[in-house]
Amino acid sequence: QVRLVESGGGLVQAGDSLTLSCVVSGLIFSTYTMGWFRRTPGKEREFVAALSRNGTIGYTDSVKGRFFISRDNVKNTVFLQMNGLQPEDTAVYYCAARMLLYSDDPDRYLYWGQGTQVTVSL
């Protein structure tokens, strides 16, 4: 059974930092592209960042230079370091797994976590 479990969300003030973690089990982690997405009420899932098995990295424009994705293939964990958080970053953040190739399209990801809430206040 494949499981993705996010943690690290919370309530912070604008300008603060958070690091999200996603622990994965039930698949060969090193062969998967890992992505982070977010959703706010009334909106579609939005791509945030992704990191492929061979190191291809991508970010949505609004987080470039502030958010950084990384992975630990020994601990089967993907991270999202978020710096300079702003109220517009408030969302439920999800990690997702896609076999092999890099993609920023959420519809191409097969496995999803339950999400972790990030709330940024002024």
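Use the structure listed above.
In this report, we go over the structure that sits alongside the text. Being a predicted model, the structure only gives us computed values, none of them experimental.

### What about the sheet that holds strand S3 (residues 18-25)?
Pairing is antiparallel in the open sheet, where 4 strands are placed in the order S1-S3-S8-S7. Edge positions in the sheet fall to strand S1 (3-7) and strand S7 (67-72), since each of these pairs with one other strand and no more. Between one strand axis and the next, the sheet turns by 15° as a mean value, whatever way the strands run. Here S3 runs beside strand S8 (residues 77-82); their pairing, made up of 6 bridges, is antiparallel. Residue pairing across strands places Leu 20 opposite Leu 80, the latter belonging to S8.

### Observations concerning the pairing of S7
The two faces of S7 differ: Phe 67, Ile 69 and Arg 71 on one face are buried, but Phe 68, Ser 70 and Asp 72 on the other face are not. Bridge count for S7 against S8 is 6 bridges, and the pairing is antiparallel. Of the residues in S8, the one forming a bridge with Ile 69 is Leu 80. In textbook terms, the turn of a hairpin is the stretch between consecutive antiparallel strands, and for S7 and S8 this stretch comprises 4 residues, one of which, Asn 76, has a positive phi near 50°.

### Some points on the pattern of salt bridges
Pairs can form between side chains of opposite charge whenever their charged atoms are close. Tallied over the full model, the rule gives 6 salt bridges. The shortest N-O distance in the salt bridge between Glu 46 and Arg 38 comes to 2.8 Å. In this structure Glu 46 comes out as partly exposed when scored by relative accessible area, which is 31%. For Arg 38, a relative accessible area of 5% corresponds to the buried category. Two residues, Arg 66 and Asp 89, come together in a salt bridge whose shortest N-O distance is 2.8 Å. Of this pair, Arg 66 sits in the loop between strand S6 (57-59) and S7 while Asp 89 sits in the loop between S8 and strand S9 (91-99), and the two are 23 residues apart along the sequence. The burial state of Arg 66 is the same as that of Asp 89; both residues are buried.

### Remarks on the state of the cysteines
Under the counting rule described, the total for this entry stands at 1 disulfide. With a sulfur-sulfur separation of 1.9 Å, Cys 22 is cross-linked through a disulfide to Cys 95. Where Cys 22 bonds to Cys 95 through sulfur, the torsion about that S-S bond is close to 40°, and the disulfide is right-handed. With a gap of 73 residues between them, Cys 22 in strand S3 and Cys 95 in strand S9 connect regions that are remote in the sequence.

### Focus: the packing of aromatic side chains
The full count for this structure, using the stated rule, is 7 aromatic pairs. Note on Phe 37 and Tyr 109: the rings are 5.0 Å apart at their centroids and 75° apart in plane angle, and the pair reads as edge-to-face. Within this pair, whereas Phe 37 is found in strand S4 (residues 32-39), its partner Tyr 109 is found in the loop between S9 and strand S10 (111-112), the two being separated by 72 residues in sequence. Residue Phe 37 shares its accessibility class with Tyr 109, and that shared class is buried. Among the aromatic residues, ring-to-ring pairing joins Phe 37, Phe 47, Tyr 94, Tyr 109 and Trp 112 into one connected group. The residue whose ring lies beneath Arg 45 is Trp 112, and the NZ or CZ to ring-centre distance is 4.5 Å. The positively charged end of Arg 71 is found above the aromatic ring belonging to Phe 29, 4.5 Å away from the centroid.

Conventions we followed
- Residues numbered from 1 in each chain as written.
- Predicted model: local features only at pLDDT ≥ 70, side-chain atom pairs only at ≥ 80, totals over all residues.
- Heavy atoms only, no water.
- Pairing = 2+ DSSP bridges.
- Helix = DSSP H or I, 4+ residues; strand = E, 2+ residues; numbered from the N terminus.
- Axes fitted to C-alpha atoms, helices over the stretch in contact; angles between N-to-C directions.
- Buried < 20%, exposed > 50% of the residue type's maximum accessible area, 1.4 Å probe, protein only.
- Salt bridge = Lys/Arg side-chain N within 4 Å of Asp/Glu carboxyl O.
- Disulfide = S-S within 2.5 Å.
- Phe/Tyr/Trp six-rings, centres within 6.5 Å; stacked < 30°, edge-to-face > 60°.
- Lys NZ or Arg CZ within 6 Å of the ring centre and 35° of its normal.

From the geometry alone we can't say anything about function, so treat these as descriptive.
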